[in-house]
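In case you want the letters, here they are:
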Amino acid sequence: MSEVAVLQLMGLCVVGTGILILLFLKAVFVRVLGFVIIMLGIFTLIALGVPQMASLPPAVETFDIASVKTPDDLASIGQKIFFSKGQCALCHSIGPSESARCPELAGIGAKLAPEFIYESLTQPQAYVYLDFRHDGLPEEYPARMPHINKNPIALSEQEIYSVIAFLQKMSGEPISIKVEDVLNIDVGEMKVASLVGHGGN
Ligand code: HEC
């Protein structure tokens, strides 16, 4: 029996006790007490009747290697990461959006080679141009794109590749990330070239 059901049963017992008191005892004080008990019991039952909803933080997405068979599986994991752990959707939209603060990513998987996307995610400073709009030496614009592979987002290599697979898929591009390669990633010792050498761009 669920916890709520047990409590409901106890509430019913309390109400029952109150009714018994009203039925069989004559002393006024005890009857008032019986009435109060019935009321308390009914309120408890009503409160317990309200649907219980626990508000837990969203479940942490993990990369479930066992479930990945096809590039599409990879892309669907990438999609989940894009909208949750990767926090990409906080800044980027897919398609035009009034609220997006950053480059929208529709078609990005077709525009950019996977190597370049990988670099955008892990070395965001690499292609951000210099700022000449002041006297003296040009300065670097600080990249506002976070390092996706470092804290606080800290996606694993496998997660990054599934996000890239998702970006390719949603751009209508064949997914050039190969499942075997992603599954074989020796954590910490990834070679981009070996993964992205085939198909696509
Ligand atoms: C804090 C906001 C923020 C988050 C979170 C973020 N980005 Fe970005 N991203 C940016 C900004 C801003 C740029 C533009 C370059 C710059 O200023 O650093 C960018 C650039 C990019 C680019 C290069 C676009 C181009 O046209 O060259 C890609 C690809 C990209 N982001 C993908 C992602 C993905 C995938 C994620 C999630 C794993 C992500 N971003 C999370 C802000 C963000």
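Structure report, in brief. (Residues numbered from 1 in each chain as written. Predicted model: local features only at pLDDT ≥ 70, side-chain atom pairs only at ≥ 80, totals over all residues.)

Some thoughts on the packing of helix α3 (residues 71–83) against helix α7 (residues 157–170)
It is at 7 Å that the axes of α3 and α7 come closest, and there the two elements cross at 100°. Accordingly, the angle class assigned to the pair α3 and α7 is roughly perpendicular. Every residue of α7 that contacts α3 at P71, L74, A75, I77, G78, Q79, I81 and F82 is listed here: E159, S162, V163, I164, A165, F166 and K169. Here the residues of the contact of α3 with α7 are counted per class, giving 10 nonpolar, three polar and two charged. (Axes fitted to C-alpha atoms, helices over the stretch in contact; angles between N-to-C directions. Helix = DSSP H or I, 4+ residues; strand = E, 2+ residues; numbered from the N terminus. Parallel < 35°, antiparallel > 145°, perpendicular 65-115°, else oblique. Contact = placed C-beta atoms within 7 Å. Nonpolar A, V, L, I, M, F, W, Y, C, P; charged D, E, K, R; others polar.)

Observations concerning the environment of I148
Tracing the sequence through the fold places I148 in the loop between β2 (139–140) and α7. Sequence-distant contacts of I148, defined by excluding residues within four places in its chain, comprise G86, L121, T122, I153, L155 and I160.

What to know about the packing of helix α1 (residues 3–24) against helix α2 (residues 28–49)
The geometry of α1 relative to α2 is characterised by a closest axis approach of 8 Å and an angle of 155° between their N-to-C directions. In terms of axis orientation, α1 runs roughly antiparallel to α2. The two elements α1 and α2 meet at a crossing, and its hand is left-handed. In the contact of α1 with α2, the residues fall into 16 nonpolar, seven polar and one charged. (Left-handed = near helix turned anticlockwise from the far one by under 90°.)

Some remarks on the nonpolar core
One finds L74, I160, I164, A165 and L167 to be the most contacted residues of the largest nonpolar core, which totals 27 residues. Secondary-structure elements contributing two or more residues to this core are α3, α6 (114–122) and α7. At eight residues, the largest contribution of residues to this core is made by α7. (Core = buried A, V, L, I, M, F, W, Y, C linked by C-beta atoms within 7 Å. Buried ≥ 20, exposed ≤ 12 C-beta atoms within 10 Å, placed from the backbone.)

Considering unusual backbone geometry
The residue after N151, namely P152, is reached through a cis peptide bond having omega 5°. On the secondary structure map, P152 appears in the loop between β2 and α7. Its identity is not glycine, yet Q87 carries a phi of approximately 60°, on the positive side. Residue position: Q87 is located in the loop between α3 and α4 (88–91).

Considerations on α6
Taken residue by residue, α6 has P114, I117, Y118 and L121 as its buried positions. One side of α6 holds all its buried residues, which, seen down the axis, span an arc of 100°. (Arc of directions from axis to C-beta.)

So, the environment of F116
Among the secondary structure elements, F116 is positioned in helix α6. Accessibility expressed as a C-beta count within 10 Å gives 15 for F116, which makes it partly exposed. Considering only alpha carbons, one finds F116 and Y127, 11 residues apart in sequence, at a separation of 9.5 Å.

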